[in-house]
Amino acid sequence: CEGVKVGSATVQLVCEEYATRRRQCKKARLNWRVSNPKSPKRSLGWIPFKKGGASYRNGQVKFCGLALSLWDSYGLSQFELRAGSISQDARGRWYLNVAVEVQARPGAGTASVGIDLGLKTAAVCSSGKPLESRIYRQYEPALAAAQRACKKGRVRAIHAKIANVRKDAMHKFSTRLVKENAAIFVGNVSSAKLIKTKMAKSVLDAGWSTLKTMLEYKSHQAGIVFEEVNEAYTTQTCSCCGAIPASSPKGRVGLGIREWICSDCGAVHDRDTNAAKNILAAGHRRLAAGIPAL
């Protein structure tokens, strides 16, 4: 565009992104979003750059001859900036997203944990520690009031608040697990199938995919084991005797059963904690047997 000063590398990355989305959508032409900030179809700012396109000097980022001031909460002066982008969110705030090379810190934990993903609680560990879910529900009345009043700025602010609260809780939960354990096993529940059911609202609010992504990359950085295991029948199986008793919750009818007693051995189980213990046992069996090569 005339008057816009960006480097050739930025133009190349924008063209590559356009070609990628065109192949993804299987269309020869894509409709560009409008640049009017008052339009609901407006496009958010996105300026990509390659390694060397941006540099950090004296508390500012140098990009295309411009000095951009920012709140440096990570100490960027300690790192070499690689490829990244400068992006805008729905509230009009700009962020610097950049890749840097850091030294991995090995984890000091020696224990292992299994994680059962659910809806009433987003995740429950085999030790009984939960990650609360339904964060969206507590902000739902305020969001509905703002939507009825047509306060678009307030609606965007509430949505950002919900996303930030959820992300903060997941970061604290995943970081604590990585620090305390040497092996983490999580059930392979798929949100892609459940969002097509009546539970879609709760499934999207739980954010299982985001949590598993955090656990995976943090585990790799700490050098600990992270595996997804088959969670079939983990809720119905007794974690004490290994049987599937008649008293265990089964199917949709048993979704409301939160605690149950094994009719075979008499053990009292919390539904989610029992499933997490079975996931932990399945993960140990997989490590003992080894993972076959594809």
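Rules used in this analysis
In every chain, residue numbers begin from 1 and rise along the written sequence. Owing to the predicted nature of the model, reporting of local features is limited to residues with pLDDT of at least 70; listing and counting of side-chain atom pairs is limited to 80 or more, with chain, interface and lining totals taken over all residues. Excluding hydrogens and water, the side-chain values take into account all heavy atoms of the structure. The rule is simple: put a 1 Å grid over the protein atoms alone, call a set of points where a 1.4 Å probe fits but cannot get out a cavity, call an open set with protein on both sides within 12 Å along at least five of seven lines a pocket, and count a residue as lining if it has an atom within 4 Å of a point. Grid points are joined across faces, edges and corners, and a volume is the space filled by probe spheres set on the points. The way it works is that DSSP assigns letters per residue, a run of H or I at least four long becomes a helix, a run of E at least two long becomes a strand, and they are numbered from the N terminus. Note on residue categories: nonpolar means Ala, Val, Leu, Ile, Met, Phe, Trp, Tyr, Cys or Pro, charged means Asp, Glu, Lys or Arg, and polar means any other residue, Gly included. Per-residue accessibility, obtained with a 1.4 Å probe over protein chains only, is compared with the maximum for each type, and a residue is labelled buried under 20%, exposed over 50%, and partly exposed between these values. Strand pairing is assigned whenever DSSP identifies at least 2 bridges connecting the two strands. Here a patch means residues that are over 30% exposed by relative accessible area and free of salt bridges, tied together within 9 Å if like-charged and within 5 Å if nonpolar (Val, Leu, Ile, Met, Phe, Trp, Tyr). Residue-level accessible areas treat just the shown protein chains as cover; the underlying method is Shrake-Rupley with a 1.4 Å probe. Whenever a carboxyl oxygen of Asp or Glu lies within 4 Å of a side-chain nitrogen of Lys or Arg, that contact is scored as a salt bridge. Working convention for charge: Lys and Arg count positive, Asp and Glu count negative, and His plus the chain ends are omitted. Taken as the charge location is NZ of Lys, CZ of Arg, CG of Asp or CD of Glu. Each axis is a line fitted through C-alpha atoms, taken for helices only over the stretch in contact, and angles between the N-to-C directions span 0 to 180 degrees. Each angle is binned into one of four classes, with values under 35 degrees roughly parallel, values over 145 roughly antiparallel, values of 65 to 115 roughly perpendicular, and all other values oblique. Between two residues, a contact is recorded if the distance between any of their heavy atoms is within 4.5 Å. Stacked, tilted and edge-to-face are the three classes applied to pairs of Phe, Tyr and Trp rings, where Trp contributes its six-membered ring and a pair requires centres within 6.5 Å; stacked means planes under 30 degrees apart, edge-to-face means over 60, and tilted covers the rest. Within 3.5 Å is the distance limit for a polar contact, defined as a pair of N or O atoms, with the added protein rule that one can donate a hydrogen and the other accept it, and that residues adjacent in sequence qualify only through two side-chain atoms. Scored from 0 to 100, pLDDT reflects the predictor's confidence in each residue.

Residue-level account of the layout of surface pockets, with values.
Size it by volume and the largest pocket reaches roughly 1200 Å³. Lining the largest pocket are 27 residues, with Tyr 74, Leu 76, Leu 96, Asn 97 and Val 98 positioned closest to its centre. Looking at the lining of the largest pocket, the elements that each hand over two or more residues are strand 3 (60-63), strand 4 (66-69) and strand 6 (94-98). Split by residue class, the lining of the largest pocket holds 20 nonpolar, 5 polar and 2 charged.

An account of the pairing of strand 3 is needed here, citing residue identities and associated values.
The alternating pattern of strand 3 places Val 61 and Phe 63 on a buried face, while none of Gln 60 and Lys 62, on the opposite face, is buried. Taking the residues between adjacent antiparallel strands as the criterion, strand 2 (residues 54-57) and strand 3 are bridged by 2 residues, where Asn 58 takes a positive phi near 50°. Where strand 3 and strand 4 come together, 4 bridges link them in antiparallel fashion. Residue pairing across strands places Val 61 opposite Leu 68, the latter belonging to strand 4.

Now, about a positive patch on the surface: what can you tell me, with residues and values included?
A cluster of basic residues, Arg 91, Arg 93, Lys 151 and Arg 154, forms a positive patch at the surface. Examined against the element boundaries, Arg 93 turns out to sit in the loop between strand 5 (84-88) and strand 6.

Describe empty space enclosed by the protein, with residues and values.
Applying the stated criterion to the full structure yields 1 cavity of 30 Å³ or more. Its boundaries defined by the atoms lining it, the largest cavity holds a volume of some 40 Å³. Taken together, Ala 122, Leu 131, Glu 132, Ser 133, Ile 135, Arg 166, Ala 169, Met 170 and Ala 206 make up the full set of residues lining the largest cavity. Broken down by secondary-structure element, the contributors of at least two residues to the lining of the largest cavity are strand 9 (130-132) and helix 3 (152-180). The residue makeup of the lining of the largest cavity, split by class, is 6 nonpolar, 1 polar and 2 charged.

For the packing of helix 2 (residues 135-148) against helix 3, give the residues involved together with the corresponding values.
The interhelical angle for the contact between helix 2 and helix 3, taken along N-to-C directions, is 175°, at an axis separation of 9 Å. By the angle between their axes, helix 2 is roughly antiparallel relative to helix 3. Judged by residue contacts, Ile 135, Tyr 136, Tyr 139, Ala 142, Leu 143, Ala 146 and Gln 147 of helix 2 engage Arg 154, Val 155, Ile 158, His 159, Lys 161, Ile 162, Val 165 and Arg 166 from helix 3. Taken together, the residues of the contact of helix 2 with helix 3 break down into 10 nonpolar, 2 polar and 3 charged.

Which residues make up the packing of aromatic side chains, and what are the values?
Scanning the model with the defined rule gives 1 aromatic pair in all. Seen in terms of ring centroids, Phe 49 and Phe 63 are 5.9 Å apart; in terms of plane orientation they differ by 50°. Their pairing is tilted. Highlighted residues: Phe 49 in strand 1 (residues 46-49) and Phe 63 in strand 3, separated in sequence by 14 residues. No difference in accessibility class separates Phe 49 from Phe 63, as the two residues are buried.

How would you explain the side chain of Thr 237 if you had to name every residue and give the values?
Along the chain, the position of Thr 237 falls in the loop between strand 11 (225-229) and strand 12 (259-261). Of the polar contacts made by the side chain of Thr 237, one reaches the backbone oxygen of Tyr 233; its length is 2.6 Å. Those residues in contact with Thr 237 that lie beyond four places of it in its chain are Gly 242, Ala 243, Ile 244, Trp 260, Asn 274 and Asn 278.

Give me the pattern of salt bridges: which residues, what numbers.
With the rule as written, the count across this model stands at 10 salt bridges. Put simply, Lys 51 and Glu 80 hold a salt bridge, and the shortest N to O gap is 3.7 Å. Residue Lys 51 is located in the loop between strand 1 and strand 2, and its partner Glu 80 is located in the loop between strand 4 and strand 5; the two are separated by 29 residues in the primary sequence. One salt bridge connects Lys 212 with Glu 228, and the closest N-O pair in it is separated by 3.5 Å. Of this pair, Lys 212 sits in helix 6 (residues 208-222) while Glu 228 is found in strand 11, placing the two residues 16 residues apart along the sequence.

Give me the lowdown on the sheet that holds strand 2, citing residues and values where you can.
The strand order 2-3-4 describes an open sheet built from 3 strands, whose pairing is antiparallel. Edge positions in the open sheet fall to strand 2 and strand 4, since each of these has one partner strand only. Strand-to-strand twist of the sheet, defined as the mean angle between neighbouring strand axes without regard to direction, takes the value 30°. Looking at chain direction, strand 2 and strand 3 are connected through 4 bridges and run antiparallel. When the sheet's bridge partners are listed, Ala 54 is paired in strand 3 with Phe 63.

Describe the confidence of the model for the chain, with residues and values.
Regions with low pLDDT should not have their predicted coordinates read in detail. On average, residues of the chain carry a pLDDT of 87, and 96% of them reach 70 or more. Averaged over each element, pLDDT in the chain is lowest for helix 4 (residues 191-194) (83) and highest for strand 10 (residues 181-187) (94).

Could you give me a rundown of unusual backbone geometry, with the residues and numbers involved?
Even without glycine at this site, Arg 134 takes up a positive phi of about 60°. Here Arg 134 shows up in the loop between strand 9 and helix 2. For Cys 150, which is not glycine, the phi dihedral falls at a positive 60°. Relative to the elements of secondary structure, Cys 150 occurs in the loop between helix 2 and helix 3. On the basis of relative accessibility, which here comes to 65%, the residue Cys 150 falls in the exposed class.

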